[in-house]
Every structure is written in C-alpha cells, then in structure tokens.
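# A closer look at the structure
These are the residues of each chain, in order.
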Amino acid sequence: PHHILIYMSFFRLKIPLPGMELGHVNVYVLRCGDGYGLIDVGLATYDAALLLARGLKSLGIKPAEITKVYVTHFHADHITLAQLLAEVASPDLYIGEKELMDIATSFEELAKMYAEEYKRHGAPPDVAEAFLKVHPMARFRKAFEDVWKLDWRPVRDGDALDCGLKAVWTPGHTPGHVVYVADFGVFTGDHVLPKITPNISWYPIPDFNPLKEYLQSLRKVSRAAKAFPAHGDEMPDLSTRVAELLSHHERRLAEVLKLLKEPMTTYQIAQRMAWDAGPFEQFDVYNKIFAIGEAYSHLLYLEEQGVVRRIEKDVVYWTR
C-alpha cells in the first residue's frame, strides 16, 4: 500500500493527521528480538487507527507482536494511539524521563497556564484562551488524559535500548524530547524535520530556555548520518539539515533584535516577524499561538544573552 515504505532494516507507516497541516506522522516499525518495536504511534483518530492496523497487517505483523513502543515526545500526534495499542497488545512503553517529570496534572491546568502567560505578553484574550479550544490537546483531550495514565518507562540520555537503539535526549521542541539512534541512521522525531523548522515555544517550566536547549540539542545530534523524521521524508545527511536549522535561528534572533526599535510586547513582535506561512494577521488562532510561542522563545534566549530585557508592567514589554 502507498502508505508503507520498506527499508533494509525497518518499515515506515505514514499515518494520517486529519485537520493538521502536517498531513501525516511517520510511525517506524523495527524488528525487535522475537517481536517488533514502534517509534511513535500516531493520533487517536479513526483514520489513523485503521491505517496503523492495516499497515501492520500488510506487513504480516499481529498487534500482539508489538513488544516495544518508543515515543519521541508527548504531543498528541505522536502518542495518543498508545492507549489503543495497550488494549490490543502489551508493549513496554518508553518516553523521555523529562517528559514524565514535567507533565501537568490536568489539561485545564496546562491550558490556563498558557492563556495567562500569553495574555501577560500582550495577546488578546480570545487568542490566549483559544488554547483551551483549538490546541491538539484540547481536541484529543480524552485520549491525552488516558495516555497520561499508562505505565510509561523513563528513557534517559544515552540509554541503550532494545531493537538496537540508543536514546539521545534532545530538549527544545519539548523538555523531554528524545531521538533514537540506530546503526543505519537517526529517528529524529520533531527535533529535526526536512522542510519546516520545528516549533520552539515557551513552556510553563521554571528556568527552561527552549531555544537555548534546542540549539544545544541540534549540535549534540549533528552527524553524517541518514535521518528519519516524524513528518516528511528521509534526510540524506543529518549534519547538513542541522546546519540549516542553526543558521535559520541565527537569522531569527537578528530579526527580533532589529524589530526592537522601541519597547514591544511579545505579541507585537510576533505580529511583525516574517513568517513563511504568510502574514501574522492572516493566521488562524492555532498558528497565532505557535507564532507567539516562537517569538517568546527567541526573546528568552536574547534575554539570557543580556541583549534584551523585560519591563514588567500590566503586560510585559521588551527593550534592547
């Protein structure tokens, strides 16, 4: 079938993401002892569940033969089908240790933190509060909350895992994002993507500087190796793509600094930044939230570098 790609050492299933611009998420299937391991599982929708089941069936794999699931990070499109797998099989479930440490106890609590923070940074209330309605966690909330309760095993930086994998902790896109390294290449999750720059946004965690962590994590995985991302096609050389992402963020930081001719809120800076997807005002609320988070992460980075500072009033302003 068209959604299956067969490699020498593994299979790739393209699992649909209905209603998301990315279109699909890659689920990788590896031989693992006398069973199989998956890297990421997909989104809890009818279409995704059907294609995952059909893909495994086409490969002659019974769900019960899935013995390991390695998740790159705690986002809905990568993790929420884990509950279904846990019902039809009994795989060991693995995720980055830091993802388990920093998860909010409820969706409401998390969404409220984002809404309050984004309002503090100049976002109109309707944009800030849209987090409760349009974020993937809101739309797949039941699946998300079920998945939180599963028996996850923590993966630590450098762990040697079954299926011939080694875990590398790559914070940035999320605090506990992990990429999985094999002899034949690197499964990069959302850490390194072929066409787009992963969203690097503020996280409600004290002292977490997402862009700083991300840039360090990029350098950490830079190597002459094939890369197999969670979205899009294989990258022939990981180090080439890493270099492109590093220079993109250098340009972004320079752009943000240039925009700060006068004190501005994070929201005002996001409005003025140049976005590949078009002007900010044409974004839907979902993409505005991403843009604000992206602007904020660059400002936090510049603040730690000592080149911008914040002025705390009723809202937060930034100045050089």
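Time to look at the state of the cysteines. Per the counting criterion, the structure on display carries one disulfide. Across a sulfur-sulfur distance of 2.0 Å, C32 and C163 are joined as a disulfide pair. Here the disulfide of C32 and C163 is left-handed, its torsion about the S-S bond being about -90°. Separated by 131 residues along the polypeptide, C32 in strand β3 (residues 24-32) and C163 in the loop between β8 (160-161) and β9 (165-169) bring together distant segments of the chain. A residue is classified by how much of its surface remains accessible, and C32, at 7% relative accessible area, is buried.

A word on the packing of helix α10 (residues 210-221) against helix α11 (residues 238-259). Between α10 and α11, whose axes approach to 9 Å, the crossing angle comes to 155°. If you check the angle between α10 and α11, you find them roughly antiparallel. In this structure, α10 meets α11 at a crossing whose hand is left-handed. In contact with L211, Y214, L215, L218, R219 and V221 of α10, α11 contributes L238, V242, L245, L246, H249 and L253.

Following the sequence through the fold, L215 ends up in helix α10. For L215, a relative accessible area of 3% puts it in the buried group. Expressed as a C-alpha distance, the spacing of L215 and I196, which sit 19 residues apart in the sequence, is 16 Å. Not counting residues up to four positions away in its chain, the partners in contact with L215 are L246, H249 and Y301.

Another aspect to go through is the pattern of salt bridges. Under the counting rule described, the total for this entry stands at 15 salt bridges. A salt bridge links E304 to K212, with the nearest nitrogen and oxygen atoms 2.6 Å apart. Taken together, the residues E304 in helix α13 (residues 285-305) and K212 in helix α10 connect sequence positions 92 residues apart. K212 sits in the partly exposed class, given a relative accessible area of 31%. We note a salt bridge from R241 to E244, for which the minimum N-O separation is 2.8 Å. In this pair, R241 and E244 both sit in helix α11, three residues apart, roughly one turn of the helix. Residue classification places R241 among the buried positions, given a relative accessible area of 11%. Three or more residues are tied together by salt bridges with common partners; here these are E117, R120, E303, R310 and E312.

Attention now goes to the environment of I95. For I95, the position within the fold is in strand β6 (residues 92-96). Every residue in contact with I95, bar those within four places of it in the chain, is listed here: V71, H73, F74, I79, L100, W152, R153, P154, V155 and Y180.

Looking now at the packing of aromatic side chains. Summed over the entire model, instances satisfying the criterion amount to 24 aromatic pairs. Their ring planes at 65° and their centres at 6.3 Å tell us that Y28 and F228 sit as a pair that is edge-to-face. You can see Y28 sitting in strand β3 and its partner F228 sitting in strand β12 (residues 227-229), a full 200 residues away along the chain. Here R252 stacks its cationic end above the ring of W275, 4.4 Å away from the centre of that ring.

Parameters and conventions
- Residues numbered from 1 in each chain as written.
- Predicted model: local features only at pLDDT ≥ 70, side-chain atom pairs only at ≥ 80, totals over all residues.
- Heavy atoms only, no water.
- Disulfide = S-S within 2.5 Å.
- Helix = DSSP H or I, 4+ residues; strand = E, 2+ residues; numbered from the N terminus.
- Buried < 20%, exposed > 50% of the residue type's maximum accessible area, 1.4 Å probe, protein only.
- Axes fitted to C-alpha atoms, helices over the stretch in contact; angles between N-to-C directions.
- Parallel < 35°, antiparallel > 145°, perpendicular 65-115°, else oblique.
- Left-handed = near helix turned anticlockwise from the far one by under 90°.
- Contact = heavy atoms within 4.5 Å.
- Salt bridge = Lys/Arg side-chain N within 4 Å of Asp/Glu carboxyl O.
- Phe/Tyr/Trp six-rings, centres within 6.5 Å; stacked < 30°, edge-to-face > 60°.
- Lys NZ or Arg CZ within 6 Å of the ring centre and 35° of its normal.

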